[in-house]
Amino acid sequence: MELEDPTMADSTIKLTVKFGGKSIPLSVSQDCTVKDLKSLLQPITNVLPRGQKLIFKGKVLVETSTLKQSDVGSGAKLMLMASQGLHQGEGPVLKEASTRPISRTVVSDKVDQRKPSLLVDKKRTDRWKATGVIALAQANLKEIPEEVWDCGSRVRVLDISENFINEVPAKISSFGSMQKLLLQGNGLSDESIQWEGIASLKRLMLLSISHNNLTVLPAAVGSLTSLRQLDVTNNKLTSLPNELGLLTQLEILKANNNRITSLPESIGNCSFLMEVDLSANILSELPETFTKLRNLKTLELNNTGLKTLPSALFKMCLQLSTLGLHNTEITVEFLRQFGGWDDFDERRRTKHQKQLDFRVVGSGQFDEGADKSW
């Protein structure tokens, strides 16, 4: 489908932007600026304008120049390069795009038929029952093996990550003693998970459903009142449910690389939260209830649309020592106006010592990149 700039005049030109191995056809006015073109490309590619670099005939186009001034005419082919970390969500939003598990060698159905021992192994089943740990990551599974269900209440840990599982049935509720459930990297959709089954796992302390195709985190997640860690990174979520506030034991929340535009006020009830990562979302603000997170130590907000923070954040969150604000519009000058800034800055300096001293990038943006753990 060809996209048109609604503000274009009669001097319309047709051009193609190549990005991520795909070609994006556009109709725009030749009088529009390169900056305008980047803004038009943002909802198509999910790359922030400041992370876009448009190249034509080997030269990087200047933002303030018009396409006419840049000699970009009808039929032109431009290349879009995206700076690492400046994606909102999980990259190009293309019709055929889909999240798949982390790459691995795929075993064909024919091979599986020749080696049924890969699917049924009595010794393995006995081991699962004895240890309570079922480790089936990267096993090229399309469904949860039948013998897994035979383990019942003995299961404490179920790791079926990085497979091709297309259904998590309601009978997962039979694992009433399960404490850790790892489902990441399966390409799961909203219809793939029977949440009433997961919601009944009252002893569950860790749930990882990252790197899937989920667009909704249902209210049923609020039933997991023993949950300590929740990882929903790299999905297509646009929001988090109000029932998140029922997870009063939650300590770690990872929701980066989604399309979240707002957070529920109820997040303030998760008083045990120590680490929150909301990077690479489309957030414009945080609820004031964030100041109730008195145990918060790490808050990552990189690559978001944030322009401000809750005014009492530093004053109330006295454990906070790591704050990631890469590629936001928040400046250090702005942060210094907040009550409690000096105490926060001292905690940050103490944590990172001399080699991780406070730095400010040339643009005057707050730069907390040294706080990254990698």
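The name given to the protein chain in an unreviewed UniProt entry is Leucine-rich repeat typical subtype, and the organism recorded there is Arabidopsis suecica.

**What about the pairing of strand β2 (residues 12–19)?**
Judged by which residues are buried, β2 turns out to be one-sided: I13, L15, V17 and F19 face inward and are buried, whereas T12, K14, T16 and K18, on the alternate face, are not. Where β2 folds back onto strand β3 (residues 22–29) in an antiparallel hairpin, the turn is made up of 2 residues, including G20, whose phi is positive at roughly 60 degrees.

**A closer look at the packing of aromatic side chains**
Evaluated as defined, the whole model comprises 6 aromatic pairs. Relative to F175, the ring of W149 has its centre 5.3 Å away and its plane inclined at 10 degrees; by these criteria the two rings are stacked. With W149 in helix α4 (residues 146–149) and F175 in the loop between β8 (157–159) and β9 (180–182), the pair connects residues that are 26 residues apart, well separated along the chain. F175 matches W149 in its accessibility class, with the two residues each being buried. Through pairs of rings, three or more aromatic residues link up here, namely F314, F334, F338, W341 and F344.

**Here's the deal with the pattern of salt bridges**
Side-chain pairing between opposite charges can occur once the charged atoms of the two side chains come close. Scanning the entire structure with this criterion turns up 5 salt bridges. Here R124 and E147 are joined by a salt bridge, their closest N and O atoms 2.8 Å apart. Remark: E147 occurs in helix α4 and R124 occurs in helix α3 (residues 122–131); sequence separation between them is 23 residues. Each of the two residues, R124 as well as E147, counts as buried.

**Overview of the sheet that holds β9**
In spatial order, the strands read β7-β8-β9-β10-β11-β12-β13-β14-β15; together these 9 strands make up an open sheet with parallel pairing. Of all the strands in the sheet, just β7 (133–135) and β15 (322–324) have a single pairing partner and so form its edges. The average undirected angle you get between the axes of adjacent strands in this sheet is 5 degrees. As paired elements, strand β12 (residues 252–254) and strand β13 (residues 275–277) share 3 bridges and run parallel to each other. Across the sheet, K254 pairs through a bridge with D277, a residue of β13.

**Observations regarding the confidence of the model for the protein chain**
Parts of the model with low pLDDT should not have their predicted coordinates read in detail. Chain-level pLDDT for the protein chain is 84 on average; 81% of the residues reach the 70-or-more range. Considering only residues more than four positions removed or in separate chains, one finds that residues 1–9, a stretch of pLDDT under 50, has 18 contacts. Between residues 89–120, whose pLDDT stays under 50, and residues either more than four places distant or in other chains, the model counts 58 contacts.

**Some remarks on the pairing of strand β4 (residues 52–56)**
Here β4 shows one buried face, formed by Q52, L54 and F56, and one open face, formed by K53 and I55. The pairing of β4 with strand β5 (residues 59–60) spans 2 bridges and is antiparallel. Bridging from a neighbouring strand, I55 pairs with V60 of β5. What sits between the antiparallel neighbours β4 and β5 is a turn of 2 residues, in which K57 has the positive phi angle 55 degrees.

**A closer look at the side chain of N303**
Mapped onto the secondary structure, N303 falls in the loop between β14 (298–300) and α6 (313–316). A distance of 2.8 Å separates the side chain of N303 from the side chain of N327, its partner in a polar contact.

Rules of the game
- Residues numbered from 1 in each chain as written.
- Predicted model: local features only at pLDDT ≥ 70, side-chain atom pairs only at ≥ 80, totals over all residues.
- Heavy atoms only, no water.
- Buried < 20%, exposed > 50% of the residue type's maximum accessible area, 1.4 Å probe, protein only.
- Helix = DSSP H or I, 4+ residues; strand = E, 2+ residues; numbered from the N terminus.
- Pairing = 2+ DSSP bridges.
- Phe/Tyr/Trp six-rings, centres within 6.5 Å; stacked < 30°, edge-to-face > 60°.
- Salt bridge = Lys/Arg side-chain N within 4 Å of Asp/Glu carboxyl O.
- Axes fitted to C-alpha atoms, helices over the stretch in contact; angles between N-to-C directions.
- pLDDT = per-residue confidence, 0-100.
- Contact = heavy atoms within 4.5 Å.
- Polar contact = N/O pair within 3.5 Å; in protein donor to acceptor, adjacent residues only side chain to side chain.

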